[in-house]
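# What the coordinates show
Each chain is listed here by its residues.
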Amino acid sequence: MEQVKTTGNDMDDFDDAELEELYSWIDGIPLSRPKRNIARDFSDGVLVAEIVRQYFPQIIQMHNYSPANSTPQKKENWNVLNRKVFTKLGFELGDDVMRDVITAKPGVIEKVLMMLRTKLNRAEWELKKQTQTKSKGGGGRKESDKPEADQYMGSPRGKGMKQDTTRGYARLPKYPKTQNY
């Protein structure tokens with residue numbers, strides 16, 4: 001399982017094109033609050049939970065995350081995300097990363113969101129491959145069939161994150177799609 005870590009000045013890890021692409025991706029996802037300052041807006045974890053819900057509503061329960069200004073509540077939201085959601089996607093945030101996100105340290109949420117986007121894309125791809133394999137009745141994954149996200153598993157320029165050596169992720173549990181909480 002990968003663990004996201006921070007480096008000295010995390011904004012140095014990105015170039016403008018990568019940030020623009022990330023911000024465009026976020027803008028394409030309907031969120032409950034407007035985005036004004038990305039580090040502050042995402043510091044309580046609620047918007048991250050909403051992003052995951054857009055991709056995999058079956059693995060997230062929004063009632064577990066409450067908008068917060070207090071550090072203890074923000075930390076609780078991130079702990080729940082880490083324990084109940086990120087582990088299913090094959091990564092976790094270290095305590096230092098959660099602390100930096102909660103305190104809105106520049107560049108940290110961007111690193112987390114880039115990893116999250118990569119893991120969500122991989123999980124979508126794996127789910128699609130599983131359903132195709134089941135419908136075709138066999139056949140395994142070939143090395144060249146990996147999504148691009150599998151071929152690059154690190155932060156920009158490889159700084160600050162461990163490389164993914166497992167080439168996999170935790171399988172998503174199958175929850176009924178019509179549960180209401």
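Note that the coordinates shown come from a computational prediction; the quantities given were computed from them, not determined experimentally.

Okay, the packing of aromatic side chains next. Summed over all chains, the structure comprises three aromatic pairs. On the basis of an interplanar angle of 25 degrees and a centroid distance of 4.7 Å, the ring pair of Phe86 and Phe91 is categorised as stacked. Both residues of the pair, Phe86 and Phe91, count as buried. These aromatic residues form a ring-pair network of at least three members: Trp78, Phe86 and Phe91. One cation-aromatic arrangement involves Arg117 over Trp25; the distance from NZ or CZ to the ring centre is 5.8 Å.

Residue Ala104 is not a glycine yet carries a positive backbone phi of 60 degrees. Secondary-structure assignment places Ala104 in the loop between helix H5 (95-102) and helix H6 (108-136). With relative accessibility at 22%, the residue Ala104 sits in the partly exposed group.

So, how was this worked out
- Residues numbered from 1 in each chain as written.
- Predicted model: local features only at pLDDT ≥ 70, side-chain atom pairs only at ≥ 80, totals over all residues.
- Heavy atoms only, no water.
- Phe/Tyr/Trp six-rings, centres within 6.5 Å; stacked < 30°, edge-to-face > 60°.
- Buried < 20%, exposed > 50% of the residue type's maximum accessible area, 1.4 Å probe, protein only.
- Lys NZ or Arg CZ within 6 Å of the ring centre and 35° of its normal.
- Helix = DSSP H or I, 4+ residues; strand = E, 2+ residues; numbered from the N terminus.

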